[in-house]
Amino acid sequence: MTRLPTPATIADAPQASQPMLEAVNKQLGLVPNLFRTVATSPVALEGYLGLSAVLAKGRLPAPTRERIALAVAEVNGCGYCLAAHSYLGRNLAKLDEAEILANRHGTSNDAKANAAVRFAASIVRQRGHVDDDEVRAVRAAGYDDAQIIEIVMHVALNTWTNYLNSVAGTEIDFPVVSTLAA
């Protein structure tokens, strides 16, 4: 059950959010419930879309970004984000089912991505208090300091959407995926 309003249509959202939702609709062909929920605060929607767009220009490949999103959603127990990123991972990032499952377990079947996903999951579990060995491990896998910072930003952005969906009780509008703990 939703606890925060999700505007039913773009027209039902605050006027300041409507052009941003139209842009989401143009890009995705639909406006997922998360975006319509966030649209209740035009400032939050602008921030979310802005940070997402900037991070997409970063040096982490799209499949790695999806892998991180899956790991973070699993650790945080966010059903909405698990459903959304399983769908996006499969259909946009072209991750197979074995990879999606590995990501949800905080690992990857790709050696380099494995370091990023493990690091991201550790950041969430330890609330940022990773140890020197974990930083060394992600560097040893080939990530430079700028990419490590990007990993942290992806963790932060995904944690925000996880928390928002949990607080809001956002209705899942992707094929439902149960958390591994369930």
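Residue numbers here run from 1 along each chain, matching the order of that chain's written sequence. Local features in a predicted model are, by the rule used here, given only for residues with pLDDT of at least 70; side-chain atom pairs are given and counted only at 80 or more, and totals for whole chains, interfaces and linings are based on all residues. Side-chain measures were taken over the full set of non-hydrogen atoms in the model, leaving aside hydrogen atoms and water.

*Asks:* How would you sum up the overall build of the protein chain? Please name residues and give values.
*Replies:* Helix and strand counts for the protein chain stand at nine helices and zero strands. Listed N to C, the secondary structure of the protein chain is α-α-α-α-α-α-α-α-α in terms of helices and strands. On C-alpha atoms alone, the protein chain measures out to a radius of gyration of 16 Å, which is about the 16 Å that the 2.2 N^0.38 rule sets for 182 residues. Its C-alpha atoms give the protein chain principal-axis dimensions of about 50 × 35 × 30 Å. To qualify as a helix, a DSSP run of H or I must reach at least 4 residues; to qualify as a strand, a run of E must reach at least 2; elements of each kind are numbered from the N terminus. We compute the radius of gyration over the C-alpha atoms and compare it with the globule rule, which gives 2.2 Å times the number of residues raised to the power 0.38.

*Asks:* I'd like a rundown of helix α9 (residues 145-168), residues and numbers included.
*Replies:* An α-helix turns once per 3.6 residues; consequently, residues spaced three or four apart project the same way. Here the expected span of a helix is defined as 1.5 Å times the quantity of residues minus one. In this model, α9 (24 residues) spans 35 Å end to end at C-alpha, consistent with the 34 Å of a helix rising 1.5 Å per residue. Under the rule applied, a polar contact is a pair of N or O atoms within 3.5 Å (in protein, one hydrogen donor and one hydrogen acceptor; residues adjacent in sequence only if both atoms are side-chain atoms). You can read the cap of α9 off the contacts: a side-chain oxygen lies 3.1 Å from the backbone nitrogen of Ala146, and it is on Asp144.

*Asks:* Run through the nonpolar core, naming residues and quoting values.
*Replies:* Counting residues in hydrophobic clusters, the biggest one holds 24 residues, and the most contacted among them are Leu21, Val31, Leu34, Phe35, Leu45 and Tyr80. Those elements that place two or more of their residues in this core are α1 (18-28), α2 (33-38), α3 (42-56), α5 (79-91) and α9. Looking at this core element by element, the count peaks at five residues for α5. Working rule for contacts: check all heavy atoms of both residues, and any pair within 4.5 Å makes them a contact. If we ignore the near neighbours within four places in the chain, the residues touching Leu45 are Ser17, Met20, Leu21, Phe35, Val38 and Ala39. For this analysis, a nonpolar core means a set of buried residues of the types Ala, Val, Leu, Ile, Met, Phe, Trp, Tyr and Cys, connected via side-chain atoms within 4.5 Å. Each residue gets one of three labels from its accessible area relative to the maximum for its type: buried under 20%, exposed over 50%, partly exposed in between, using a 1.4 Å probe on protein chains only.

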